Amino acid sequence: MSPVPRAPRALARTSAGSRLLALAAAWVLTRAVMLWLLAHNTLRPLGRGAVAREVWLLYQDWSQVLAHGAFPAHDTLWQYPPGAALVLLSPVLVPGLTYFQAFVALALAADAVIALALARAGTRDGRSLRGAAYWVLGLPLLQHIPLARYDVQVTACAVLALLTLPRRPRTGGSLAALGALAKVWPVLVLLGTARGRATRSAWTAAALTAAAGGGMLALLFRNPLSFARQQGGRGVQIESFGGTVLALATHAGWPGSVHYRYGSLEFTGPHVQTVAHLALALSAAAFALLVWWRLRARRWTPATPCDAALTAVLLFTVTSRVISPQYMIWLLGLAAVCLASRHTSQRPVAVLVALASLVSAIAYPGLYGQVAGCTWVGCALMLARNGLLAAAAVISFARLRRATHLEVSDAQPAPAGHRLPHGTMSPS
């Protein structure tokens, strides 16, 4: 084969450079808009200060408790794993800035790390810059919410873990564990690692990192497991699937009401506990479905770990008792990693996630009063958002299963008298 001429190669480098510059310009512009929205978040359409209040009131108060070597065990709003302490304390270490300013700066830094990692990965063979573009343009759909929650930092751990797993499984496993110490869901990014040495290396590294990190946090802070009690007491949040059902039930005469409990607006009244238990049962069913997929999968592509991570988080999101607006940050990040691979099966799912993020931002904070009041407008918004998420979850799992299922026509013919060994991978 003759070598590739230098001119086309130079043109390709120039084209890639232009696209990277365009992405950088888009990041700067969109983040400037997000900062402007955050600076003016006291306006009524932007939530009258509710979005930023979580940082300067709640997170800052917690950081003062954590600085004295204890978790806020008696605060019913504390529902986060021990690793969250490091994230909430980190703004205190930034010199020259208030806690709020430092928190936003660190959120922006994590956002930039994700964009840079996706852009760098997108220039490799078999990769695409679509993932970086999706993240840069998709995160602003949530307005200023990502800058006032620590989910961007956790998503950065998950994204870096997925991008690192193919070449350095141990590093990828450790990154996933660090994310899981702050919010449990990043452990799901290890679900799709290929069988064999990669899985053993990644899962072992994750277990060792989680054990070491958890042990260190238990030594540094008192009451490290207090979050579990608060989580167990949570009910049905108004934005969850169960909450949407109960909101519609109010129009049919159901006598329940909405109250502020455990840091969110939840339903109280007859049959709420039944709905909550049903959600837990559905989460268990989702876990069983993912285990079944893992055992039945026969073909791994370079995109399988990313696709499986998105599928798993979608399934657990739609079956959760709580679906807060910041959950969409996780899904946008995982969808971006999927789109960074040319082998992904999740392109339609990424579109649905982006649309669900847009509807979620319309509902909160601007029209959250409609959602809390269970008006027809609020119900319609939640039906649209949750319907998009449900469709995304179903399509995601179906496409993941199809992409990893070994068709008879794909299998290489086995010698006479022999069977294909369990777990044989088909040619890519």
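Here, residues in each chain are numbered from 1, in the same order as that chain's written sequence. In keeping with the model being predicted, local features are shown solely for residues with a pLDDT of at least 70 and side-chain atom pairs are shown and tallied solely at 80 or more, while totals for entire chains, interfaces and linings include all residues. The basis for every side-chain value is the complete set of non-hydrogen atoms in the structure, without hydrogens or water.

1. Topic: the nonpolar core
At step 1: Only buried Ala, Val, Leu, Ile, Met, Phe, Trp, Tyr and Cys residues count toward a nonpolar core, and they belong to the same one when joined by side-chain atoms within 4.5 Å. The buried label applies to any residue whose accessible area, calculated with a 1.4 Å probe on protein chains only, is under 20% of its type's maximum; exposed applies above 50%, and partly exposed to all values in between. In this structure, Y59, L118, Y134, W135, Y150, V189 and L334 are the most contacted members of the largest nonpolar core, which totals 125 residues.
At step 2: Note on conventions: DSSP H or I runs of at least 4 residues are helices, E runs of at least 2 residues are strands, and numbering of each starts at the N terminus. A per-element tally of this core places helix α13 (residues 327-339) first, with 12 residues.

2. Brief notes about the packing of helix α6 (residues 151-164) against helix α7 (residues 169-182)
At step 1: What counts as an axis is a line fitted to C-alpha atoms, over the stretch in contact for a helix, and the angles between N-to-C directions run from 0 to 180 degrees. Between α6 and α7, the least distance of the axes is 8 Å, while the angle of their chain directions is 165 degrees. In terms of orientation, α6 lies roughly antiparallel with respect to α7. α6 and α7 meet at a crossing whose hand is left-handed. Note on element contacts: α7 touches α6 through P169, T171, G172, L175, A176, G179 and A182, opposite V154, C157, L160, A161 and T164. For classification purposes, an angle smaller than 35 degrees is called roughly parallel, one larger than 145 roughly antiparallel, one from 65 to 115 roughly perpendicular, and anything else oblique. Put simply, a crossing is left-handed when the front helix is turned counterclockwise from the back one by less than a right angle, and right-handed when it is turned clockwise. Residue contacts are defined here by distance: any two heavy atoms, one from each residue, within 4.5 Å place the two residues in contact.

3. Side note on the pairing of strand β3 (residues 264-268)
At step 1: Whether two strands pair comes down to DSSP finding at least two bridges between them. Relative to β3, strand β1 (residues 236-237) runs antiparallel, the two sharing two bridges. Within β3, the residue paired with Q237 across the bridge is E266.
At step 2: Between strand β2 (residues 257-261) and β3, which pair antiparallel and follow one another directly, the connecting turn spans two residues, one of which, Y262, has a positive phi of 50 degrees.

4. Side note on the confidence of the model for the protein
At step 1: In the predicted model, the protein carries a mean pLDDT of 89, and the fraction of residues at 70 or more is 90%.
At step 2: Per-element confidence in the protein is highest for α13, whose mean pLDDT is 98, and lowest for helix α9 (residues 226-232), whose mean pLDDT is 67.
At step 3: What pLDDT reports is the predictor's confidence in each residue, on a scale of 0 through 100. This stretch, residues 408-428, has a pLDDT under 50; its non-local contacts, to residues over four places away or in other chains, come to 19 contacts.

5. A word on the environment of P169
At step 1: On the secondary structure map, P169 appears in helix α7.
At step 2: With a relative accessible area of 19%, P169 lands in the buried category.
At step 3: Along the primary structure P169 and Q79 are separated by 90 residues, whereas in three dimensions their C-alpha atoms are 30 Å apart.
At step 4: Excluding residues within four positions of it along the chain, P169 makes contact with T164, A198, S201 and A202.

6. Overview of empty space enclosed by the protein
One simple way to see leftover space: roll a probe sized like a water molecule over the atoms.
At step 1: Here a cavity denotes a set of grid points, spaced 1 Å apart and computed over the protein atoms alone, in which a 1.4 Å probe fits but from which it cannot get out, and a pocket denotes an open set meeting protein on both sides within 12 Å along at least five of seven lines; residues with an atom within 4 Å of a point are reported as lining. Grid points are joined across faces, edges and corners, and a volume is the space filled by probe spheres set on the points. All told, the structure shown has two cavities of 30 Å³ or more when counted by the stated rule.
At step 2: As a volume, the largest cavity reaches approximately 60 Å³.
At step 3: W292, W293, R296, A297, R401, T404 and H405 together form the lining of the largest cavity.
At step 4: Secondary structure elements with two or more residues in the lining of the largest cavity: α11 (272-296) and α16 (376-404).
At step 5: Ranked by residue count, the leading element in the lining of the largest cavity is α11, at three residues.
At step 6: Under this grouping Gly is polar, as are all residues other than the nonpolar Ala, Val, Leu, Ile, Met, Phe, Trp, Tyr, Cys and Pro and the charged Asp, Glu, Lys and Arg. Per-class residue counts for the lining of the largest cavity are three nonpolar, two polar and two charged.
At step 7: Quantified by volume, the second largest cavity comes out at close to 40 Å³.

7. Considering the sheet that holds β3
At step 1: A sheet is described by the order of its strands in space; here three strands give the open sequence β1-β3-β2, paired in antiparallel fashion. Edge positions in the sheet fall to β1 and β2, since each of these pairs with one other strand and no more.

8. Some details on the layout of surface pockets
At step 1: Taken as a whole, the largest pocket holds about 1500 Å³ of empty space.
At step 2: Forming the boundary of the largest pocket are 48 residues, of which R234, V322, S324, Q326 and Y327 lie nearest the centre.
At step 3: Breaking the lining of the largest pocket down by element, the ones donating at least two residues are α2 (50-66), α9, β3, α11, α12 (304-318), α13, α14 (347-366) and α15 (368-372).
At step 4: Counting residues per element, the lining of the largest pocket draws most heavily on α2, at six residues.
At step 5: Considering only residue class, the lining of the largest pocket consists of 25 nonpolar, 14 polar and nine charged.

9. Quick notes on the environment of V275
At step 1: Locating V275 in the fold gives a position in helix α11.
At step 2: In this structure the C-alpha to C-alpha distance between V275 and G235, which are 40 residues apart in sequence, comes to 8.9 Å.
At step 3: Discounting residues that sit within four places of it in the chain, V275 has contacts with V236, G242 and L246.

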